[in-house]
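Okay, here's what each chain looks like letter by letter:
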Amino acid sequence: GPGQRVWGRFQHLPHKEIEDFGEIRAEISRETERVCGQRQAPSPELIVLEIHSPWVIDLTLIDLPGITRVPVGDQPDDIEIQIRNLIMEFVSRPKSLILAVVAANADLATADALAVAREVDPEGQRTIGVMTKIDLVDQGEERSVLAVLEGRTYPLRRGFVGVVCRSFRDVKSGKELKEHLVEEEAFFKNHADYRGIANHSGVAFLAKHLNRALLDHIAEVLPDIKNQALRNIQELEVEQQGYGESLSFQPGERGTFLLSLMTKFAGRFGDVIEGKISGRQEAESGQLMGRARIDYIFRDVFASTVRNFECCNGLSDDEIRVAIRNATGPRATLFVPEAAFELLARKQIAKLQAPSLQCAELVFDELQRVLLLSELPEFRRFLNLREQVFSVVRGILRKCLEPTLQMIRDLMKMELAYINTSHPDFSGSPGAIAGNVASGNSRRNLREASKNSPRNASAESLRPPPRKASGSDSRASSANWQNSEVEGRVASPGRGAVAGRGLSPSPEDVGSAGSGLTWFFSFFRQPIPTGGHSSSSRNLAAQASGATAVETPWPPAPSAQMSPSPSSGGLSLSGTGSSSYTPGAGGVLRLPHIPLVITPASTPPNQREQVEVSIIRLLLENYVNLVKKNISDSVPKVIMFFMVNTVKDVIQSECVARLYKEDLFENLLIEAKDIEGKRVRCQERLKALYRILDVTDQVRNSAGTW
């Protein structure tokens, strides 16, 4: 009757139902020759055959070729590699079951199927062993076959199943499958060694076992399959919503529909910036997006780069010396020239402009990315509208970029226009010097106590008593004694100075009253060579302090020796510098040639220059750090105000002003040509996914009844 009908259908012949299985076998041969050619080379193309019968269960089998080790005829030389790759493509899928077929009359250790299965399933969780040709086993080897079928030789979680297949002669003679199944059942029941496993052997049991294993395996992966189906359904529903229904606008509806799309797009753009909407890729991978990415640019890219910028980067000591000498000119100075500091400070501050402008460009690129994430599903349907809206937004971004860059340039110009050395946080400002003076007052008691010590008392006893004097002798005596006092203080190690150098300021110098610049002057103190009285005073001060004073003129002058010249009868000068005076004719001195380019690199820096360079570096580091803080704070504010917030605020009004025109409605709302086909395919995929959900529910219920 109609319910007993058995037929097959090939995928490449979808409208032909074949009831003659001999014709089905012939079609398989023809299709194999067509796919693989005369050479019988492996091909990844599948030959799909559906068998419909009331005596079979729902099952999908993929028949893979056996491994060929030696090419025959015109087969390719790498046929073994090709077949192995083809097999691995299917068996390596974690959701598939592996049916490893082995022959009972062959050594199990040489079975290729088990070797391949072990590579992808080493624990045997999804491998089912099938042992064929049991009826051809030599007499006496039955017990070894039985050990394999019972899982004692090669254990598998899903076990082995023994079957007896039709021989080549039976197939040629046309022996019916039903007749063979009866003979197979009788073989296992009547065999002395296999009768104990007869209920778990045979083709019929294998079919049921595979069906149950498939259901169990589906039940294991069911949650993942169902979740994947639900995600795909959600995406397809959004896609179908974008395709919409066929257009049938009434008069006046086009403008309303277009205005709603613009409003929706503007809101979505703002939501993406604020991180309320993310794409699927960002959500699955946990990536930052929108405002979070912009903040990352501000904090981890821009601010980190500015913070790690070395304040004196690219400045050598020679460059600083050149700046100091050029600023000093022919004048003799007591202090470090302020013009040199300002020149070098501007040079270093100007280096912060490039990363500041680049930060704005990075945010501009990020807003371009936000634009793509803000795309509405309807834009897939109306491509002209998508292009026009994107063009308007890109134009807004470009318009906002230029004033942003200009404002950043203005910020840099403001920093360069005025070097604020009066800033309270600047170490060279009067406020900072006053802080140094105030910090020194805390040590005043220590100094007062030290004056009353025996050591200071002995030094005080050596000081000549004050007396009134008049005339030049009185002034000279007072000046000489003051010079001796200064030199003794500079040379005294107990007062915080280095003997003979006077480079380090002492605490009482920093905290002395009367002037906050005493600390600054201490960098330039030096012994004053004033003759014998000064030398005597120095020795007295040194003896009083228990130290040895070293008389070193500072800054050192090039040494020169004067000796009689036998040729001229006078004196000749010889110096240690790079150029020296040379006598001319008749003993007349002449100046050396002046080079076109003069650099200080040819001469080593003296002690004063070393101190000045150190001071300039300290001041630069302090001041540039202040500017770095200002730039790190101001540039992100400029970018947010002039670009990010402006784009969010004007995007809707600009789209309406540029696109909401009646003569553009028809062109903007034209559907793409392939929209109808995509709409149909989307609906078909949704039906298939809903069918998958129904099947998974049925499988879950069925798996619970096994």
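Before reading further, recall that the structure is shown in the block above.
Residues numbered from 1 in each chain as written. Predicted model: local features only at pLDDT ≥ 70, side-chain atom pairs only at ≥ 80, totals over all residues. Heavy atoms only, no water.

(A) Fine view of helix α3 (residues 112–120). When α3 is considered as a whole, its buried residues turn out to be Leu114, Val116 and Ala117. Mapping the buried residues of α3 onto a view down its axis gives an arc of 165°, with all of them on the same face. Contact partners of the buried residues in α3: α2 (79–91), β3 (98–103), β4 (127–132) and β5 (160–162). (Buried < 20%, exposed > 50% of the residue type's maximum accessible area, 1.4 Å probe, protein only. Helix = DSSP H or I, 4+ residues; strand = E, 2+ residues; numbered from the N terminus. Arc of directions from axis to C-beta. Contact = heavy atoms within 4.5 Å.)

(B) Structural context of the packing of helix α13 (residues 353–373) against helix α22 (residues 607–659). Look at α13 against α22: their axes get within 10 Å of each other, and the N-to-C directions meet at 35°. Crossing angle aside, the handedness with which α13 passes α22 is right-handed. Residues Ser356, Cys359, Ala360, Val363, Phe364 and Leu367 of α13 form the contact with α22, whose own contacting residues are Ile631, Val635, Ile639, Met643 and Val644. (Axes fitted to C-alpha atoms, helices over the stretch in contact; angles between N-to-C directions. Left-handed = near helix turned anticlockwise from the far one by under 90°.)

(C) Main features of the pairing of β4. Of all 6 residues making up β4, 6 are buried, and the element is well covered by its neighbours. Taking every second residue as pointing to the same face, both faces of β4 are buried, with Thr127, Gly129 and Met131 on one and Ile128, Val130 and Thr132 on the other. Handedness of the crossover joining β3 and β4 through α3: right-handed. By the bridge criterion, 3 bridges tie β4 to β5 in an arrangement that is parallel. If you follow Met131 over to β5, its bridge partner there is Gly162. Read as a crossover between parallel neighbours, the route from β4 over helix α4 (residues 142–149) to β5 is right-handed. (Right-handed = clockwise from strand over helix to strand, strands pointing away. Pairing = 2+ DSSP bridges.)

(D) Structural view of a nonpolar patch on the surface. Together, Phe21, Ile28, Leu49 and Ile51 give the surface a local cluster of nonpolar side chains, amounting to about 280 Å² of exposed area. Listing elements by their share of the nonpolar patch, those giving two or more residues are α1 (21–36) and β2 (49–52). Relative to the helices and strands, Phe21 resides in helix α1. (Patch = residues over 30% accessible without salt bridge, like charges linked within 9 Å, V, L, I, M, F, W, Y side chains within 5 Å. Areas by Shrake-Rupley, 256 points an atom, 1.4 Å probe, with all protein chains shown as cover. Salt bridge = Lys/Arg side-chain N within 4 Å of Asp/Glu carboxyl O.)

(E) Layout of the environment of Ser316. Inspection of the secondary structure assignment puts Ser316 in the loop between α10 (291–307) and α11 (317–328). Since its relative accessible area comes to 31%, Ser316 is described here as partly exposed.

(F) Up close: unusual backbone geometry. Of note in this structure, Lys133 is not a glycine but carries a positive phi near 60°. Position of Lys133 relative to the elements: it lies in the loop between β4 and α4. Given the relative accessible area of 40%, Lys133 is considered partly exposed.

(G) Here's a closer look at the packing of helix α8 (residues 253–273) against α22. One way to put it is that α8 packs onto α22 with a least axis distance of 10 Å and a crossing angle of 170°. Of the possible angle classes, the one that applies to α8 and α22 is roughly antiparallel. Where α8 crosses over α22, the two elements pack in a sense that is right-handed. Along its contact with α8, which presents Leu258, Leu259, Met262, Thr263, Phe265, Ala266, Phe269, Gly270 and Ile273, the element α22 presents Val644, Val647, Lys648, Ile651, Gln652, Cys655, Val656 and Leu659. Here the contact of α8 with α22 is built from residues that sort into 13 nonpolar, 3 polar and 1 charged. (Parallel < 35°, antiparallel > 145°, perpendicular 65-115°, else oblique. Nonpolar A, V, L, I, M, F, W, Y, C, P; charged D, E, K, R; others polar.)

(H) Spatial organisation of the sheet that holds β3. Judged by pairing direction, the sheet is parallel, and its 3 strands sit side by side in the order β3-β4-β5 without closing on themselves. Every other strand in the sheet has two partners, leaving β3 and β5 as the edge strands with one partner each. The average angle at which neighbouring strand axes cross in this sheet is 25°, direction not considered. In terms of strand pairing, β3 meets β4 through 6 bridges, oriented parallel. Bridge pairing in β4 places Val101 opposite Val130.

By themselves, these figures tell us nothing about what the structure is for.
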